[in-house]
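Structural features, examined
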Amino acid sequence: MAFRDDVRRIRAIVWKDLTTERRSKAGFNSVASLGVTMLVLFGLALGPDSVALKDAAAGALWLAVLFAGVLAFNRSYQVELDGGALEALLLYPGSRWAIFAGKLIANLIFVTLMLVIVVGVGIVLFQVVVPPTWPAIVGILLLGVLGIVSLGTFYAAMSSRSRAREVLLPLLLYPMLIPVLLASMIATKALLFGDLMNEVGAWVRMLSAFDVIFLVATFFAFEYVIEV
Amino acid sequence: MCCRVKPYTLSAFLRLENWVAFALISSVTNVAPLLAPDLALDARGVARRFGARWVLRGANLQVRAGEMVGLLGHNGCGKSTFMRIIATLLKASAGDCFVYGSNVKTEGDDVRHHVGFFSHIPGLYDDLSARENLAFAATMLGFPTADIDAALERVGLTSVAHERVRGFSTGMQRRLSLARLILQRPRLLLLDEPYNNLDVAGIALMNGFIRELNAAGGAAIVVLHDLVPAQGVLDRTVIIRDGRVHMPSPADLARDGASPQAITLPVGAAGIS
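Now for a description of the structure that goes with this document. (Residues numbered from 1 in each chain as written. Chains lettered and ligands numbered in written order. Predicted model: local features only at pLDDT ≥ 70, side-chain atom pairs only at ≥ 80, totals over all residues. Heavy atoms only, no water.)

To continue, consider the environment of Ala221 of chain A. Here Ala221 of chain A is to be found in helix 9 (residues 200-226). Distance from Ala221 of chain A to Leu71 of chain A, taken between C-alpha atoms, is 22 Å for residues 150 residues apart in sequence. (Helix = DSSP H or I, 4+ residues; strand = E, 2+ residues; numbered from the N terminus.)

On to the pattern of salt bridges. Going through the model one piece at a time under the given rule, you end up with 18 salt bridges over all chains. One salt bridge in this structure joins Arg236 of chain B and Glu67 of chain B, with 2.7 Å as the shortest N-O distance. One end of the pair, Arg236 of chain B, is in strand 9 (residues 236-241); the other, Glu67 of chain B, is in the loop between strand 2 (53-64) and strand 3 (68-72), with 169 residues separating them in the sequence. Between Asp149 of chain B and Arg131 of chain B there is a salt bridge, and its shortest N-O distance comes to 3.2 Å. Within this pair, whereas Asp149 of chain B is found in helix 6 (residues 148-154), its partner Arg131 of chain B is found in helix 5 (residues 130-141), the two being separated by 18 residues in sequence. Its relative accessible area of 42% is what places Asp149 of chain B among the partly exposed residues. Three or more residues joined by partner-sharing salt bridges are found here, namely Lys16, Asp17, Glu80 and Lys103 of chain A. (Salt bridge = Lys/Arg side-chain N within 4 Å of Asp/Glu carboxyl O. Buried < 20%, exposed > 50% of the residue type's maximum accessible area, 1.4 Å probe, protein only.)

So, on to the sheet that holds strand 6 (residues 115-118) of chain B. Residue and element names in this part refer to chain B. Strand order in this open sheet of 6 strands is 6-7-8-3-9-10, and the pairing throughout is mixed. Of all strands in the sheet, those with a lone pairing partner are strand 6 and strand 10 (244-246), marking the two edges. For this sheet, the mean angle separating the axes of adjacent strands, direction not counted, is 20°. In this sheet, strand 10 lies alongside strand 9 in antiparallel orientation, the contact comprising 3 bridges. Following the sheet pairing, Ile240 is matched in strand 10 by Val245. Helix 7 (residues 170-184) rests against strand 6 and strand 7 (188-192) of the sheet, and its axis sits at about 175° to strand 6. Sheet strands touched by helix 8 (residues 200-215): strand 3, strand 6, strand 7 and strand 8 (219-223). Its angle to strand 7, the strand with the most contacts, is close to 155°. (Pairing = 2+ DSSP bridges. Axes fitted to C-alpha atoms, helices over the stretch in contact; angles between N-to-C directions. Contact = heavy atoms within 4.5 Å.)

Residue and element names in this part refer to chain A. With respect to the helices and strands, the residue Glu21 is situated in helix 1 (residues 2-24). Of note is the side chain of Glu21, whose polar atom sits 3.5 Å from the backbone nitrogen of Phe28. With sequence-adjacent residues up to four places away left out, Glu21 is seen in contact with Gly27, Phe28, Arg75 and Phe110. (Polar contact = N/O pair within 3.5 Å; in protein donor to acceptor, adjacent residues only side chain to side chain.)

Moving on: the interface of chain A and chain B. The interface is formed by 26 residues belonging to chain A together with 29 residues belonging to chain B. Of all residues in chain A, Arg23, Leu91 and Tyr92 of chain A give up the largest surface area on contact with chain B, accounting jointly for 25% of the area buried on that side. At the surface where chain A touches chain B, the tally comes to 2 salt bridges. Here Arg84 of chain B makes a salt bridge to Glu87 of chain A, at a shortest N to O gap of 2.2 Å. Across the contact surface, chain A and chain B share 8 residue pairs in polar contact (both at pLDDT 80 or more). Where the side of chain A that touches chain B is concerned, the elements lending two or more residues are helix 1, helix 3 (50-82) and helix 4 (85-91) of chain A. Of the residues forming the side of chain A that touches chain B, the biggest block, 10 residues, is contributed by helix 1 of chain A. In the side of chain A that touches chain B, the residues fall into 12 nonpolar, 6 polar and 8 charged. (Buried area = accessible area lost by both parts, 1.4 Å probe. Nonpolar A, V, L, I, M, F, W, Y, C, P; charged D, E, K, R; others polar.)

Each pair of packed helices gets described by two things: the angle between the helix axes and the distance between those axes. Residue and element names in this part refer to chain A. Their axes nearest at 10 Å, the elements helix 3 and helix 7 (residues 165-176) cross at an angle of 130°. When the interaxial angle is binned, helix 3 and helix 7 end up oblique. Handedness of the crossing formed by helix 3 with helix 7: right-handed. Two secondary-structure elements touch here, helix 3 through Leu66, Phe67, Val70, Phe73, Asn74, Gln78 and Leu81 and helix 7 through Arg165, Glu166, Leu169, Pro170, Leu173 and Tyr174. Broken down by class, the residue content of the contact of helix 3 with helix 7 amounts to 9 nonpolar, 2 polar and 2 charged. (Parallel < 35°, antiparallel > 145°, perpendicular 65-115°, else oblique. Left-handed = near helix turned anticlockwise from the far one by under 90°.)

A few words on empty space enclosed by the protein. Empty space left among the atoms is revealed by rolling a probe the size of a water molecule over them. Summed over all chains, the structure comprises 3 cavities of 30 Å³ or more. A volume near 220 Å³ is recorded for the largest cavity. If you go around the largest cavity, you meet 18 residues; those closest to its centre are Ala88 and Leu91 of chain A together with Phe117, Phe118 and Arg180 of chain B. When contributions to the lining of the largest cavity are tallied by element, the ones reaching two or more residues are helix 4 of chain A together with strand 6 and helix 7 of chain B. The volume enclosed by the second largest cavity comes to roughly 100 Å³. If you go around the second largest cavity, the residues you meet are Asp17, Leu18, Thr20, Glu21, Ala72, Ser76, Val79, Ala106, Asn107 and Phe110 of chain A. Within the residue set of the lining of the second largest cavity, elements represented by two or more residues are helix 1, helix 3 and helix 5 (96-125) of chain A. Ranked by the residues each element gives to the lining of the second largest cavity, the list is headed by helix 1 of chain A, at 4 residues. (1 Å grid on protein atoms, 1.4 Å probe; cavity = no way out; pocket = protein on both sides within 12 Å on 5 of 7 lines; lining within 4 Å. Points joined across faces, edges and corners; volume = space filled by probe spheres on them.)

Structure (structure tokens):
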């Protein structure tokens, strides 16, 4: 019964976050614009060399997702802080992990939508030919996003109480995400341009392991970071 | 001025009075709670510090079910801190606090089932409509959404039920927050300066809700600066001074800016330190 109540609360938080985001529009527009701008800047920096562009495509894509994602994570708690709604949210009975799960799912949907736009623009800008292994690439994209979003949602909650949250979040998040980014980048690149060293499996296992660690750790630790 | 010490500095850490205060508070709070079944609130030696500054230094307050208590005190004396500790929004540095027998430190979820907190911050989502804000609250609380229209009608917001809260005045937002409490019907109501930004009709609405809760056996603690709007609602008043709960004297009431009429209000002696 308690679990069913928590599921109801998770659904309510997801609906609330996505509805407020859809109506305000500012969040998604700014996050997607930042992602696309990052790709364009990387493209300009690499010049017209198509081989260099293709080589850098996977790295540029994941860095664009990371930087734009930080903006999204900060924003997901800014909505709560604006009218003192975080306080009201914490006053509702129920498990704290339900709040985290609701925020996590809403951020996952949000970042995945942004990813669709960034990937579309990236394919055109970096002259990438979509390989027949594209379903595997989609799987890696989703696994990578899951790792980034789980840790991003957690650290955004932790830094939400700080006045310097915009600075604090990247400082906390970027070093911790290095394994996820590394695994996602190398696996994506290998699937795009051929897995000569037969290394994709190992990187995917590493990515999955970090996803599980991040998910479990953040679910358990959320209660302690959200309370004062 | 030369003796002022900033919090978090080494000198603050080394100051003897901080350690003496900590020792005193710890000794006071090592008292086993005597839980009476009819106590809505049993706060014993509640202390809280921010940095080196102790805001609460062992506050004791017992509130019986069905009792309405006014909480006075000058700005920064710890009234809101005390309320936030009771509501599980803030952890006490020392002391114990029980709401209907549930410890706010260890049984927060049980406490939150009983407590309704009306803060001076509305806690609403600007991009949701009034109705959607209440629907979200009802879902989170596990209450039927069928009562939303009645709650909106009661606070006079039926005509703007589908408008976004972003366009609401502060008074309308306060009314919507009150509608959320009406939906919840808590057993212990914590009201932090509830009459701010409310017009005469809003004040009557608030008092009507408090009386209704009282009739149903609920308790309330009301933080106030001016006692006049709460005339006829409170059973007793207490004051926070030097981090502790006291019985206020007429001089206290006058010094803290309460209106002269307030002095005629009942001043309680039961259940205070």
